[in-house]
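So the chains spell out like this:
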Amino acid sequence: NAGVTQTPKFRILKIGQSMTLQCTQDMNHNYMYWYRQDPGMGLKLIYYSVGAGITDKGEVPNGYNVSRSTTEDFPLRLELAAPSQTSVYFCASSPVGEATRQNYGYTFGSGTRLTVV
Amino acid sequence: AQSVSQHNHHVILSEAASLELGCNYSYGGTVNLFWYVQYPGQHLQLLLKYFSGDPLVKGIKGFEAEFIKSKFSFNLRKPSVQWSDTAEYFCAVKPAGGGYNKLIFGAGTRLAVHP
């Protein structure tokens with residue numbers, strides 16, 4: 001009953017600190033995503049990955065980095081935290097293509113609430 | 001660039017009232033459409049989705065949505081809301097046939113249902 005697991009759930013960072021948000025999925029999904037959610041702004045795509053070793057930028061990638069060494073794991077790295085990165089971060093995964101439309105849809109993790117002070 | 005507009009940012013209803021949340025998208029091609037719900041303190045969950053066929057889609061918990069291609073709309077409806085429907089609702093769009101399943105989300109509509 002795991003799905004997508006994110007850690008930590010909450011974190012407070014000081015300006016300039018670094019941290020890694022962890023994301024793991026056990027559904028063998030090839031596609032994984034990182035979104036940030038800000039009030040009144042919906043979800044914005046930070047980075048995504050279509051498989052191990054393949055990542056690409058989304059809409060708001062500045063200040064973040066990702067890696068995808070395995071199908072299961074897709075960590076998000078903040079190198080020099082800034083107040084503008086205060087947000088709720090969601091990791092998600094999905095199966096490949098519309099051939100799986102019967103079960104298509106993102107599976108989201110429970111989120112990480114990050115505050116940069 | 002593709003975008004999704006949700007016209008109502010906050011909606012307040014009494015129990016048993018009917019609900020309709022608007023969603024419009026900007027994209028000229030074929031799209032796949034989704035509604036997600038986020039209950040307080042929880043992650044997003046899929047309510048319903050449209051890929052093709054009958055434009056009236058039924059989802060979980062009595063929700064339905066109608067795809068009107070000529071209006072680029074995918075409005076969410078429920079005939080009678082319950083207090084437990086209090087949540088934030090997100091409309092999302094994906095251009096069909098590619099794009100690595102990247103979804104474009106609207107800003108969300110926060111629904112509060114009073115007993």
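Relevant structure appears above.
Residues numbered from 1 in each chain as written. Chains lettered and ligands numbered in written order. Predicted model: local features only at pLDDT ≥ 70, side-chain atom pairs only at ≥ 80, totals over all residues. Heavy atoms only, no water.

**A closer look at the overall build of chain A**
Next up, step 1: Secondary structure summary: chain A contains zero helices and eleven strands in total.
Next up, step 2: The N-to-C order of helical and strand elements in chain A reads β-β-β-β-β-β-β-β-β-β-β.
Next up, step 3: Here chain A has a C-alpha radius of gyration of 14 Å; the compact-globule value for 117 residues is 13 Å, and the two agree.
Next up, step 4: If one aligns the C-alpha atoms of chain A with their principal axes, the spans along those axes are about 45 × 30 × 30 Å.
Next up, step 5: Within the span of chain A, comprising 117 residues, buried residues form 46% of the whole.
Next up, step 6: Restricting to contacts in chain A with at least 6 residues of sequence separation, those with at least 24 account for 55%.
Next up, step 7: Of the roughly 5500 Å² of accessible surface on chain A, 52% is carried by carbon and sulfur atoms.
Next up, step 8: Within chain A, the 8 negative side-chain charges are centred at a point lying 9 Å from the centre of the 10 positive side-chain charges. (Helix = DSSP H or I, 4+ residues; strand = E, 2+ residues; numbered from the N terminus. Rg over C-alpha atoms; globule rule 2.2 N^0.38 Å. Buried < 20%, exposed > 50% of the residue type's maximum accessible area, 1.4 Å probe, protein only. Contact = heavy atoms within 4.5 Å. Areas by Shrake-Rupley, 256 points an atom, 1.4 Å probe, with all protein chains shown as cover. Lys, Arg positive; Asp, Glu negative; His and termini not counted. Charge placed at Lys NZ, Arg CZ, Asp CG, Glu CD.)

**Some details on the state of the cysteines**
All names here are of chain A.
Next up, step 1: Across all of its chains, the model carries two disulfides over all chains by this definition.
Next up, step 2: Put simply, Cys23 and Cys91 are joined by a disulfide, and their sulfur atoms are 1.9 Å apart. Taking the torsion about the sulfur-sulfur bond, which here is approximately -70 degrees, the covalent link between Cys23 and Cys91 counts as left-handed. Here Cys91 lies in strand 9 (residues 87-94) and Cys23 lies in strand 3 (residues 19-25), a separation of 68 residues in the sequence. (Disulfide = S-S within 2.5 Å.)

**Notes on the interface of chain A and chain B**
Next up, step 1: Contact residues are listed per partner, giving 26 residues for chain A and 23 residues for chain B.
Next up, step 2: Taken together, chain A and chain B are joined by zero salt bridges.
Next up, step 3: At the level of secondary structure, the elements contributing two or more residues to the side of chain A that touches chain B comprise strand 4 (31-38), strand 5 (42-51) and strand 9 of chain A.
Next up, step 4: For the side of chain A that touches chain B, the element with the most residues is strand 5 of chain A, which contributes five residues. (Salt bridge = Lys/Arg side-chain N within 4 Å of Asp/Glu carboxyl O.)

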